[in-house]
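Next come the chains, spelled out residue by residue.
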Amino acid sequence: MQPEPGHRWHMRLYLTLAGLKRRMTLGSRVMMIDPEQRIYLVRHTYLHGWHLPGGGVEPGESAAESAAREVLEESGYRVTEPLKLFGLYHSTLVTNRDHVAFFLCRGFERQRPFSPNHEIAEFNWFALDALPETTSGATLRRVAEVFHGAPQSLKW
């Protein structure tokens, strides 16, 4: 339901003040799964280990839009099917105010070539039984949840 025009500024002010007080952040991560059941991982220039592609949700962007944008930015693949929200997680790696929307993606196509850059040092497709030794704990937990039936955690 849309607020009445005269009340929109009240709501905007309230939400702005609530945002300043709560200072919550939202990110998105995507598990791209190819037909061979391999997953796409990236190694960032600023973070240790291998991770699922993703990043922060920008103002004016939905979590799914952010996820699709991040996939393109970090892989050169364009999402071609609706992303499936697998879960919403609380991430306490840096702060206790961060959340991660985790999506599954099986529909994508190469839109442009991708090369390492200032953000992504390496990238590759990996079989589930051949993940890099330095795969992040959060990525390993998501693999266990998605592929091995592990109970879904609330923590990233």
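You'll find the structure just up there.
Attention here is on the structure that accompanies the text. What you see is a predicted model; the values in this text were computed from it and never measured.

### Looking at the nonpolar core
Inference 1: Ranked by size, the top nonpolar core spans 17 residues in total, and within it Val30, Met32, Leu83, Phe103 and Cys105 carry the most contacts.
Inference 2: Counting only elements with at least two residues in this core, the list comes to strand S1 (25–32), strand S2 (39–44), helix H2 (63–75), strand S5 (77–79), strand S7 (98–105) and strand S9 (120–126).
Inference 3: Not counting the four nearest positions on each side in its chain, leucine 83 is found in contact with Val30, Ala64, Ala67, Ala68, Phe103, Leu104 and Cys105.
Inference 4: In terms of nonpolar packing, the next biggest core, distinct from the first, is built from 15 residues, Ile33, Phe102, Ala138 and Trp156 among them.

### Some points on the pattern of salt bridges
Inference 1: This structure, assessed with the given rule, holds 8 salt bridges.
Inference 2: In this structure, arginine 43 and glutamate 122 form a salt bridge, with 2.7 Å as the shortest nitrogen-oxygen distance. Of this pair, arginine 43 sits in strand S2 while glutamate 122 sits in strand S9, and the two are 79 residues apart along the sequence.
Inference 3: Classification of glutamate 122 as partly exposed rests on a relative accessible area of 36%.

### Describing the side chain of serine 28
Inference 1: Along the polypeptide, serine 28 turns up in strand S1.
Inference 2: Of the polar contacts made by the side chain of serine 28, one reaches the side chain of serine 66; its length is 2.9 Å.
Inference 3: What serine 28 contacts, discounting residues up to four positions off in sequence, is Pro53, Gly54, Gly55, Val57, Ala63, Ser66, Ala67, Glu70, Val100, Ala101 and Phe103.

Rules and cut-offs
Residues numbered from 1 in each chain as written. Predicted model: local features only at pLDDT ≥ 70, side-chain atom pairs only at ≥ 80, totals over all residues. Heavy atoms only, no water. Core = buried A, V, L, I, M, F, W, Y, C linked by side-chain atoms within 4.5 Å. Buried < 20%, exposed > 50% of the residue type's maximum accessible area, 1.4 Å probe, protein only. Helix = DSSP H or I, 4+ residues; strand = E, 2+ residues; numbered from the N terminus. Contact = heavy atoms within 4.5 Å. Salt bridge = Lys/Arg side-chain N within 4 Å of Asp/Glu carboxyl O. Polar contact = N/O pair within 3.5 Å; in protein donor to acceptor, adjacent residues only side chain to side chain.

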